[in-house]
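Here are the chains, one letter per residue:
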Amino acid sequence: MREASEHARRFPPEYRPPAPKPQAHLLRPLALIRTLKRNPLECWAAAHFEQPIVSGGLPIGHVLLVHEPRAIRHVLLDNAANYRKDHLQRRVLSAGLNDGLLSAEGEQWRAQRRVLAPMFAHRTVMDFMPAMMSAADTLIARWSATGDGSTIDVAAEMAKVTLDVVERTIFSDGFGSDAEDIRVAMAVYFNTIGRISPLDLLGVPDFIPRLSRLRVRSTLKFFEAEVDRVISARRRLLSERPDRAPNDLLTHLLEAMETDGRDGLTEAEVRSNILTFIAAGHETTANTLSWALFLLSQSQQWRARIEAEVDRELARPASKGIADRLVETRAVIEETIRLYPPIAAISRVAIGDDELNGEPVRPGSLIVISPYVLHRHRLLWDRPDVFDPQRFLGSGAAAIDRFAYLPFGAGPRKCIGSTFALQEATLVLAMIVKHFSFQLRPGHEVWPLLRVTLRPANGLPMIVTKRTNHPVRDGAGSRQMLTS
Ligand code: HEM
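Residues numbered from 1 in each chain as written. Predicted model: local features only at pLDDT ≥ 70, side-chain atom pairs only at ≥ 80, totals over all residues. Heavy atoms only, no water.

In this section: the packing of aromatic side chains. Considering all chains together, one arrives at nine aromatic pairs under this definition. When the ring of Trp381 is compared with that of Tyr405, the centres are 6.3 Å apart and the planes differ by 70 degrees; the resulting orientation is edge-to-face. Of this pair, Trp381 sits in the loop between helix H19 (371-374) and helix H20 (394-398) while Tyr405 sits in the loop between H20 and helix H21 (418-435); the two residues are 24 residues apart in sequence, bridging distant segments of the chain. The class of Trp381 is buried, set by a relative accessible area of 9%. (Phe/Tyr/Trp six-rings, centres within 6.5 Å; stacked < 30°, edge-to-face > 60°. Helix = DSSP H or I, 4+ residues; strand = E, 2+ residues; numbered from the N terminus. Buried < 20%, exposed > 50% of the residue type's maximum accessible area, 1.4 Å probe, protein only.)

See the structure below:
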C-alpha cells in the first residue's frame, strides 16, 4: 500500500487539459466558415498536427499552414522582408491602431521599434516590479475581503489585475477623478475595436462604419479624449517640473518624441502606442494567468512545487530580480502558453515568389503559423497534450527548438512585451499561490475558446480559500476530449 502511494507521488498521472479533438479530415469551406465563427480552435484537423506544411483549406486564395521550425524561421526571420502582416490580423490584434508598433510596416515600424525597444528591455522591465507587485497586493486584498471559500470568476479577476498593471506602468499617477468611468470605457473600447466584424472578413475598408462600433461611439470618443487629456497633463508636467515626472511608460514615450529635428515618435504615434500596449498587453497576460491557475488547480504535484518555491522565495525581502528566481513558477507560465498560447495564430502575406520545404509560395500567398498547432505538433513534442512544466526546466529547456515554441512570435516582429509579460505573469501567479488555494467550482466545464485571444469559455469560477492544505485531485473537474 505504502509502495503504491509512494509510486503515485513520484509518478502522478499525466494530466491532459481540455482541448478540441482535431477534426478527422480538413473541413470543407462551408463547415469551415461555420466553425470559424463558433470557435476557430475547433477547425484544426489531425493533418495540421501531423504534417509540416498543409496547403489550402480556406476559400480565400493560396494558403499555406506552416508548422515546421525551419520553414517558420525562413518566413519570420531569414526572409522576413518578403512577408508582411496581413490585413485581418492587423485589424484584429492592433485594435485598428494603424500608427502603433503592432500594425506599422516598413520604415515607420523600424523607426518605432528602435525607439521603443529600450522601454521593454529586461533592465527597464525590472523597474516595473514594484508596480506589478502593488497590483497583485490589491488583488490579494480584494480576495481576502470576499471571505474564505467564496466563488470568484478568476478570468474576470485576471483581466482586472492586468489592467491594473497596465495603468500603474503606463500612467503611474492614475487617471484622476474619472478613473472608474475611464476603466469601463477602456473595456468597451477594446472589446469593440478588437472584434472581427463580418465586414472585416469580406475585406471592406476601415472607413466603412461597423455596427458594433456605431453602437458605442460616444464611449469610444470619451476614452480617446481621456487618453489625450492624460497625455497633455503629463506633457505639461514634463516641461514645467521634469523632476516630478513619474518613471513610467508614458514619460518614456513622451521623452522619445521628435524634438527640434531629432528623430522620434510623432504625437499620433505616442497615442497609438499607448493604446497598442494596453490592447496587446492586457488581455493576453490575463488569459495566461487564468489558464495557469486552472492548470495548477488540476495538478496537485505542480501546485505543491510552486507553493514550496513561492514560500521560500517570497519570504525573502523583495528585490527587483525576484521574478528571475521563481524558476518553477515561470516554467508553469511557459508550459501554460505552450498549451494555451493567447495569440493562437500568426499570419503573413508573401510579397514575392518563394519556396517553403519544396512548396511554392506566390505573391499574395497567405502563410498561417498557429502557435497552438505548433506547440502540440506530433513531430515536435513528446506527449504534446500533457501538462508538464518540467519541459522548461534544466536540460529539457535547452533542447526545445527556438522555432517550435512561439508564444511571442519570432524574428524582427517578435513581441516587444515578452519580458514584461513573463515577469508580470510570474509575479502575479506567485503572489496568488502564496496566499490562496483554489479549486474549480464543481460541475463547471472548462473549454478553450478563441475570440481574438485564447480564453476559457464562460469564465473560470473557482472556490478560493486562504492557504491551508487543500489536496486537489489531478485532472478533477474538466472535460477531457483529447486522446492521443
Ligand atoms: C502573454 C502575453 C503576450 C503574448 C502571448 C503576446 C504575443 C505576441 C505575439 C505572438 C506577437 C507577434 C505577432 C506577429 O508576429 O504577427 C506580439 C507582438 C507584439 N506585442 Fe505581444 N504578447 C503578449 C504581451 C504583450 C505585452 C505585455 C505588450 C506590451 C506592453 C505587448 C506588445 C506587443 C507589441 C507592441 C507587438 C508588436 C511588435 C512588432 O510588431 O514590432 N505584448 N505579441
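And the narrative resumes.
Averaged over all residues, the pLDDT of the protein is 85; the fraction at 70 or higher stands at 83%. pLDDT under 50 marks residues 469-484. Its contacts with residues more than four places away, or in other chains, come to 49 contacts. (pLDDT = per-residue confidence, 0-100. Contact = heavy atoms within 4.5 Å.)

The next point concerns the site of the ligand. Around the ligand, the structure places 28 residues, and the nearest of them are Trp109, Arg113, Arg348, Arg413 and Cys415. One of the side-chain N or O atoms of Trp109 is found 2.7 Å from an oxygen atom in the ligand. The separation between an oxygen atom of the ligand and a polar side-chain atom of Arg113 is 2.7 Å. Of the residues forming the shell around the ligand, the biggest block, seven residues, is contributed by helix H15 (residues 267-298). (Near = heavy atom within 4 Å. Polar contact = N/O pair within 3.5 Å; in protein donor to acceptor, adjacent residues only side chain to side chain.)

One can find Thr284 in helix H15. In this structure the side chain of Thr284 is engaged in a polar contact, spanning 2.7 Å, whose partner is the backbone oxygen of Ala280. Contacts of Thr284, omitting those with residues within four sequence positions, involve Pro342, Ile343 and Thr453.

The end-to-end C-alpha separation of H15 is 47 Å, in line with the 46 Å expected for 32 residues at 1.5 Å each. Most of H15 is tucked away, with 25 of its 32 residues classed as buried. (Expected span 1.5 Å × (residues − 1).)

Positive phi, normally seen in glycine, also occurs at Asn357, with a value near 45 degrees. With respect to the secondary-structure elements, Asn357 resides in the loop between strand E6 (354-356) and strand E7 (359-361). Look at Asn357 and you get partly exposed, because its relative accessible area is 41%. The backbone phi angle of Asn458 is positive, close to 60 degrees, even though this residue is not glycine. Structurally, the position occupied by Asn458 is in the loop between strand E11 (453-456) and strand E12 (461-466). Accessibility expressed as a relative area gives 70% for Asn458, which makes it exposed.

All right, on to the coordination of the iron atom of the ligand then. Of all protein atoms, Cys415 (SG) alone acts as a donor to the iron atom of the ligand, lying 2.3 Å away. Structurally, Cys415 can be placed in the loop between H20 and H21. (Donors = N, O, S within 2.8 Å, 3.2 Å for Na, K, Ca; no water.)

As a further point, take empty space enclosed by the protein. Applying the stated criterion to the full structure yields two cavities of 30 Å³ or more. In this structure, the largest cavity occupies an estimated 40 Å³ of space. Lining the largest cavity are Trp143, Ser144, Thr146, Gly147, Asp148, Ser150, Ile152, Phe436, Val464 and Lys466. Within the residue set of the lining of the largest cavity, elements represented by two or more residues are helix H8 (129-146), strand E4 (150-153) and E12. The leading source of residues in the lining of the largest cavity is H8, at three residues. (1 Å grid on protein atoms, 1.4 Å probe; cavity = no way out; pocket = protein on both sides within 12 Å on 5 of 7 lines; lining within 4 Å. Points joined across faces, edges and corners; volume = space filled by probe spheres on them.)

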